[in-house]
Amino acid sequence: MLSKQQTQQAVVIMGEMFPDAQPSLDARTPFQYMISVMLSAQATDISVNKVTPQLFTDFPDPQTMAAATETALQQDIRSIGLYRNKAKHMKAASQALLDDFNGVVPRTRADLMQLPGVGRKTADVVLADAFGIPAFAVDTHVTRVTKRLHMVPQKATVLEIEQRLMKLLPQELWITAHHQMIYFGRYQCLARTPKCAQCPLLGMCADGQHRLGLKK
Ligand code: SF4
């Protein structure tokens, strides 16, 4: 596995490759950001950004979303995968915000995870990107990249990946490193066709060397 120093070096290189890596969901308030993250489960950020302008015009806050019918919410998000379930969670989470948090999105993972449809990854993304609170959300890109680079054990769970990355990287890097890894996964270390031959991390990547036949 990569050492702490090698991991930090890899993240520096990802940062040099993608210095402008940043959140790609469009939202104006923490509430809207939270809803966007919920919608992005098993959907691309681009597809979410296509539906949220109308959604947030119709239902901009927890009050309007909690009062909406599920059918009305579904209408605005029907191009997104799992839209029926997501509409149900959006309404229930809005109601829970009103009932338990005075309509304000909470700033702790434990409180966020009390909301229907908000799991650990969604909570971490909201903490980091809506509030700037250090957290390391692990998505499909982070999982793939960290396993291919052997930053984490191959059988590591999402939670184990998160905990190991938080140990390997200084806290002030968590938020940016998360975005840089996502960009690296999206544009360099793609799921089906990683660009290993042109990868600046090839020298430290046993997986890439194996794919190119450089290592057995
Ligand atoms: Fe991904 Fe290939 Fe680069 Fe390794 S060498 S990090 S597998 S793109």
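Residues numbered from 1 in each chain as written. Predicted model: local features only at pLDDT ≥ 70, side-chain atom pairs only at ≥ 80, totals over all residues. Heavy atoms only, no water.

1. Topic: the layout of surface pockets
- If you add up the space inside the largest pocket, you get close to 680 Å³.
- Lining the largest pocket are 29 residues, and of these Ser40, Ala43, Asp45, Asp139 and Arg186 lie nearest its centre.
- Secondary-structure elements contributing two or more residues to the lining of the largest pocket are helix 2 (30-39), helix 3 (45-58), helix 8 (120-131), helix 9 (140-148) and helix 11 (174-187).
- A per-class count over the lining of the largest pocket returns 13 nonpolar, eleven polar and five charged.
- Summarising the domain contributions, the lining of the largest pocket has at least three residues from each of domain 1 (4-21 + 138-211) and domain 2 (30-131). (1 Å grid on protein atoms, 1.4 Å probe; cavity = no way out; pocket = protein on both sides within 12 Å on 5 of 7 lines; lining within 4 Å. Points joined across faces, edges and corners; volume = space filled by probe spheres on them. Helix = DSSP H or I, 4+ residues; strand = E, 2+ residues; numbered from the N terminus. Nonpolar A, V, L, I, M, F, W, Y, C, P; charged D, E, K, R; others polar. Domains from an automatic or database assignment.)

2. Description of unusual backbone geometry
- Although it is not a glycine, Gln42 sits at a positive phi angle of roughly 55°.
- Within the fold, Gln42 resides in the loop between helix 2 and helix 3.
- At Leu82, a residue that is not glycine, the phi angle is positive and equals roughly 60°.
- Structurally, the position occupied by Leu82 is in the loop between helix 5 (70-77) and helix 6 (83-100).

3. With respect to the UniProt feature "binding site: [4Fe-4S] cluster" (unreviewed entry) in the protein chain
- Sequence positions flagged by UniProt for "binding site: [4Fe-4S] cluster" (unreviewed entry) are, in local numbering, Cys189, Cys196, Cys199 and Cys205. The greatest C-alpha distance among the annotated residues, which extend across 17 residues, is 11.1 Å, indicating that they converge on a single site. The annotated residues contributing to the lining of the largest cavity are Cys189, Cys196, Cys199 and Cys205.
- Mapping Cys189 onto the fold places it in the loop between helix 11 and helix 12 (206-211).
- Under the relative-accessibility criterion, Cys189 is labelled buried at 10%.
- Apart from residues lying up to four places away in sequence, Cys189 is in contact with Arg144, Val145, Arg148, Phe184 and Pro194.
- Exposure remark for Cys196: the relative accessible area of 11% places this residue in the buried category. (UniProt positions renumbered as here; feature names shortened; annotations may be inferred. Buried < 20%, exposed > 50% of the residue type's maximum accessible area, 1.4 Å probe, protein only. Contact = heavy atoms within 4.5 Å.)

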